[in-house]
Amino acid sequence: MKVLLVKNYEEMSKEAADIIGKLVKENPSCTLGLATGSSPIGTYQNLVKMNKEGKISFKDVKTYNLDEYCGIDRTHPQSYYYFMHDNLFNHVDIKEENTHVPYAAPGSDLDKEAQKYTDMLNKVTIDLQLLGIGGNGHIGFNEPGTPFDRETFVVKLTDKTRQDNKRFFNSLDEVPTHAMTMGIKNIMNAKSILMLISGANKHDAVTKLLSEEITTDFPASVLHNHPNCTVIIDEAAYTGK
Ligand code: F6R
C-alpha cells in the first residue's frame, strides 16, 4: 500500500484527479470504478475542469459505481445515480450508456439486480477503483464482518453508517436501511485502487488502516492484500486535528 500524505481536501482532490486524468489520457477507453459521498466530490470537480479545458475526454471511458441505496428512485437527489450525474456525468463528455450504477429502486428485484451487476463486473476489468472509507472501515457498503469473497449483494446498513449519512437527508428516518454494493471481491479485482481519506472524523479509521492488521472487522484492511493500492490521506485525517 502506497500512502500519500497531503495538506488538505483540496490537495487530495487535485492529486487524485491528476492520477485519474493521467490514466484517462494514457488509456482513453479505460474503465473506472467510482464512488460517491463527500470524499470524491473535489476530485470530480477537478476532472470536470480538465475535461472542459480539453485536457482529457471521457468519450470512450466506461464507469461502474460501487453502490446504491435501496428503495429510493433514481430521481431522488440522494440516490447515487443522481449524485453521479449531478457531480460528474452531466458535466463531461461521457456517454450515458457507458455509465453503470447498481439498480435498487422501489419495486426492483434486488437479488436479480445484484446478480446482474456481478455478471457485468465479471465481464470487465476495472483499471482504477476509486474508494472512500467509512468511519467503521467500510468500503463500498461492505460493513464490518463482510467476508472478503463476496460479490455484489444487498446489505443492511449499520446504525453507524446511517448516522454518518444522516447529514444528507432531512432526518434519520429518511436514510435508507439497505444498500446494494459491489462486494469486496469485485473491488479487489480492480487493477489499481485509489482511496481518499480526508478530515479529522476519519482519524480512527486511518489509525486502524495503517496498523496493517487484516481483518473482516475492518473491511478496508483487505486493501493491504492488493498489489497496486494508493491511499491519499490529508493532514486532519492523519493527525486527528
Ligand atoms: C460511497 C461509498 C462509501 C463512502 C464512505 C465514505 O459510494 O461507497 O463507502 O466512500 O461511506 O463516505 P464520505 O466520503 O462521505 O465520508
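Everything below is about the structure printed above this text.
Presented here is a report on the structure given in the accompanying data block. (Residues numbered from 1 in each chain as written. Predicted model: local features only at pLDDT ≥ 70, side-chain atom pairs only at ≥ 80, totals over all residues. Heavy atoms only, no water.)

1. Regarding the site of the ligand
What surrounds the ligand is a group of 14 residues, the closest being Ser39, Asp67, His138, Gly140 and Lys202. Take Ser38: an N or O atom from its main chain is 2.8 Å from an oxygen atom of the ligand. In the model, an oxygen atom of the ligand is placed 2.7 Å from a nitrogen or oxygen of the His138 side chain. With the chains in place, 93% of the 410 Å² that the ligand exposes on its own is no longer accessible. Class assignment of the residues belonging to the shell around the ligand gives a composition of 3 nonpolar, 8 polar and 3 charged. (Near = heavy atom within 4 Å. Polar contact = N/O pair within 3.5 Å; in protein donor to acceptor, adjacent residues only side chain to side chain. Areas by Shrake-Rupley, 256 points an atom, 1.4 Å probe, with all protein chains shown as cover. Nonpolar A, V, L, I, M, F, W, Y, C, P; charged D, E, K, R; others polar.)

2. A closer look at the sheet that holds strand S7 (residues 153-156)
Overall, antiparallel pairing links the 3 strands, which are arranged S4-S8-S7 in an open sheet. The open sheet has two edge strands with one neighbour each: strand S4 (67-69) and S7. For this sheet, the mean angle separating the axes of adjacent strands, direction not counted, is 25 degrees. Bridge count for S4 against strand S8 (residues 178-181) is 3 bridges, and the pairing is antiparallel. Each residue of the ladder has a partner; that of Asp67, found in S8, is Thr181. (Pairing = 2+ DSSP bridges. Helix = DSSP H or I, 4+ residues; strand = E, 2+ residues; numbered from the N terminus. Axes fitted to C-alpha atoms, helices over the stretch in contact; angles between N-to-C directions.)

3. Some details on the pattern of salt bridges
Throughout the structure, instances matching the rule amount to 9 salt bridges. Residues Lys59 and Asp60 are paired through a salt bridge, measuring 3.3 Å at the closest nitrogen-oxygen approach. Among the salt bridges present, the one from Lys160 reaches Asp164, with a minimum N-O distance of 3.2 Å. Highlighted residues: Lys160 and Asp164, both in helix H5 (residues 159-165), separated by 4 residues, approximately one helical turn. The network of salt bridges with common partners includes Lys49, Glu53 and Lys55. (Salt bridge = Lys/Arg side-chain N within 4 Å of Asp/Glu carboxyl O.)

4. A few points about the packing of helix H1 (residues 9-26) against helix H2 (residues 41-52)
For any two helices packed against each other, one specifies the crossing angle of their axes together with the interaxial distance. Remark: H1 packs on H2, axes separated minimally by 8 Å, with the N-to-C direction vectors making an angle of 50 degrees. On the basis of their axis angle, the class for H1 and H2 is oblique. Viewed along their axes, H1 and H2 form a crossing whose handedness is right-handed. Here H1 contributes Tyr9, Ser13, Lys14, Ala16, Ala17, Asp18, Ile20 and Gly21 to the contact with H2, which in turn contributes Ile41, Gly42, Thr43, Asn46, Leu47 and Met50. In the contact of H1 with H2, the residues fall into 7 nonpolar, 5 polar and 2 charged. (Parallel < 35°, antiparallel > 145°, perpendicular 65-115°, else oblique. Left-handed = near helix turned anticlockwise from the far one by under 90°. Contact = heavy atoms within 4.5 Å.)

5. Some points on the pairing of S7
Because side chains alternate across S7, one face comprises the buried residues Phe153 and Val155, and the other comprises Val154 and Lys156, none of which is buried. Across 4 bridges, S7 lies against S8 in antiparallel orientation. Directly across from Lys156, in S8, lies its bridge partner His178. (Buried < 20%, exposed > 50% of the residue type's maximum accessible area, 1.4 Å probe, protein only.)

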